[in-house]
Amino acid sequence: MKSEKTSHPLRYGSAAALARAVASYYDAISCRRQKTEWADSGERSPKGKPVFEERPLQDEDGRILYETVYLTPPTLPGLLLHLGMDRGTWADCAAGVHGRGIQEVCRRAMLRQEAYLLESLLHADKNISGILSVLDRYHRPPEAAAQPDAEALLRRLALSIPLPEKLRLTEGEGHDELP
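Residues numbered from 1 in each chain as written. Predicted model: local features only at pLDDT ≥ 70, side-chain atom pairs only at ≥ 80, totals over all residues. Heavy atoms only, no water.

(A) Layout of the pattern of salt bridges. Going through the model one piece at a time under the given rule, you end up with 5 salt bridges. Here Arg55 ties to Glu53 by a salt bridge, and the two come within 2.9 Å at their closest N and O atoms. The class of Arg55 is partly exposed, set by a relative accessible area of 32%. The exposure class assigned to Glu53 is partly exposed, which follows from its relative accessible area of 35%. Each of Asp59, Asp61 and Arg63 takes part in one network of salt bridges that share partners. (Salt bridge = Lys/Arg side-chain N within 4 Å of Asp/Glu carboxyl O. Buried < 20%, exposed > 50% of the residue type's maximum accessible area, 1.4 Å probe, protein only.)

(B) Structural context of the packing of helix H1 (residues 15-29) against helix H2 (residues 76-83). It is the contact of H1 with H2, at a shortest axis distance of 10 Å, that shows an interaxial angle of 120 degrees. If you check the angle between H1 and H2, you find them oblique. Crossing of H1 over H2 shows right-handed handedness. Of the residues in H2, those in contact with Leu18, Ala21, Val22, Ser24 and Tyr25 of H1 are Gly78, Leu79, His82 and Leu83. For the contact of H1 with H2, the class distribution of residues is 6 nonpolar, 3 polar and no charged. (Axes fitted to C-alpha atoms, helices over the stretch in contact; angles between N-to-C directions. Helix = DSSP H or I, 4+ residues; strand = E, 2+ residues; numbered from the N terminus. Parallel < 35°, antiparallel > 145°, perpendicular 65-115°, else oblique. Left-handed = near helix turned anticlockwise from the far one by under 90°. Contact = heavy atoms within 4.5 Å. Nonpolar A, V, L, I, M, F, W, Y, C, P; charged D, E, K, R; others polar.)

(C) Just the environment of Pro74, in detail. Within the secondary structure layout, Pro74 lies in the loop between strand E4 (66-70) and H2. Exposure remark for Pro74: the relative accessible area of 8% places this residue in the buried category. Taking C-alpha positions, Pro74 is 8.6 Å from Leu117, a pair spaced 43 residues apart along the chain. Pro74 has contacts with Tyr25, Tyr26, Ile29, Gln113 and Tyr116, leaving out every residue within four places of it along the chain.

(D) Quick peek at the packing of aromatic side chains. Throughout the structure, instances matching the rule amount to 2 aromatic pairs. Both rings, one in Tyr25 and one in Tyr26, keep their centres 5.2 Å apart while their planes meet at 70 degrees; by these two values the pair is edge-to-face. Geometrically, the ring pair formed by Tyr70 and Tyr116 is edge-to-face, given 4.8 Å between the ring centres and 70 degrees between the ring planes. A residue pair is termed long-range when its members are at least 10 positions apart, and Tyr70 in strand E4 and Tyr116 in helix H4 (residues 100-123) qualify at 46 residues. The exposure class of Tyr116 is partly exposed, given its relative accessible area of 21%. Note that Arg112 overlies the ring of Tyr26, its terminal NZ or CZ placed 4.0 Å from the centroid. (Phe/Tyr/Trp six-rings, centres within 6.5 Å; stacked < 30°, edge-to-face > 60°. Lys NZ or Arg CZ within 6 Å of the ring centre and 35° of its normal.)

(E) Focus on H1. Taking 1.5 Å of rise per residue, the 15 residues of H1 would be expected to cover 21 Å, and the 21 Å separating its terminal C-alpha atoms lies within 8% of that figure. For H1, the set of buried residues is Ala15, Ala17, Leu18, Ala19, Ala21, Val22, Ala23, Tyr25, Tyr26 and Ile29. (Expected span 1.5 Å × (residues − 1).)

(F) Up close: the nonpolar core. By size, the foremost hydrophobic cluster in this structure holds 22 residues, and its most contacted members are Leu18, Val22, Leu83, Met85 and Trp90. Elements that contribute at least two residues to this core include exactly H1, H2, helix H3 (87-95) and H4. The contact partners of Leu18, leaving out residues within four places of it in the chain, are Tyr12, Leu83, Met85, Ile102, Val105 and Cys106. (Core = buried A, V, L, I, M, F, W, Y, C linked by side-chain atoms within 4.5 Å.)

(G) Structural context of H2. The set of residues buried in H2 consists of Leu76, Leu79, Leu80 and Leu83. The arc that holds every buried residue of H2, seen down its axis, measures 95 degrees, which confines them to one face. The N-terminus of H2 is capped by Thr75, whose side-chain oxygen sits 3.0 Å from the backbone nitrogen of Gly78. Positive backbone phi, at 70 degrees, marks Gly84, one or two positions downstream of H2. (Arc of directions from axis to C-beta. Polar contact = N/O pair within 3.5 Å; in protein donor to acceptor, adjacent residues only side chain to side chain.)

See below:
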């Protein structure tokens, strides 16, 4: 008797519904915080030293910048628990069994987790074995195996994600946009 692969039932009726559920997962584990910088206030302390104050960081257009701070790291098991979905159903969604829109939602969710992971590794202590493991997992280029500088390799891999896409993924913008 042949066993045929059957699609797992999907509890979300549309890509928009799944996108909202994924966004609610990221909202539950993170918060947005205004980016700030320390700047000279122009005043002097009684000892004559400059007094610094915290000011909002702005881009070239004068818009205040925000960053996403994760209270809990985003993980695939955490996302699946939040969605009430098993790995088989997720695999079907990611493979496009339930449609292109749902596949795109899955792709964006995984890209957001990759961006978080890469950003965390770039700012973490130098854990070479962890860095190499991540490089292997996310398609390390073949020429990278011969190079001993794992930090440089990780930076090159992180830079391969276009900055606007990385910012959109890490800052939570565009989750409701569907193809």
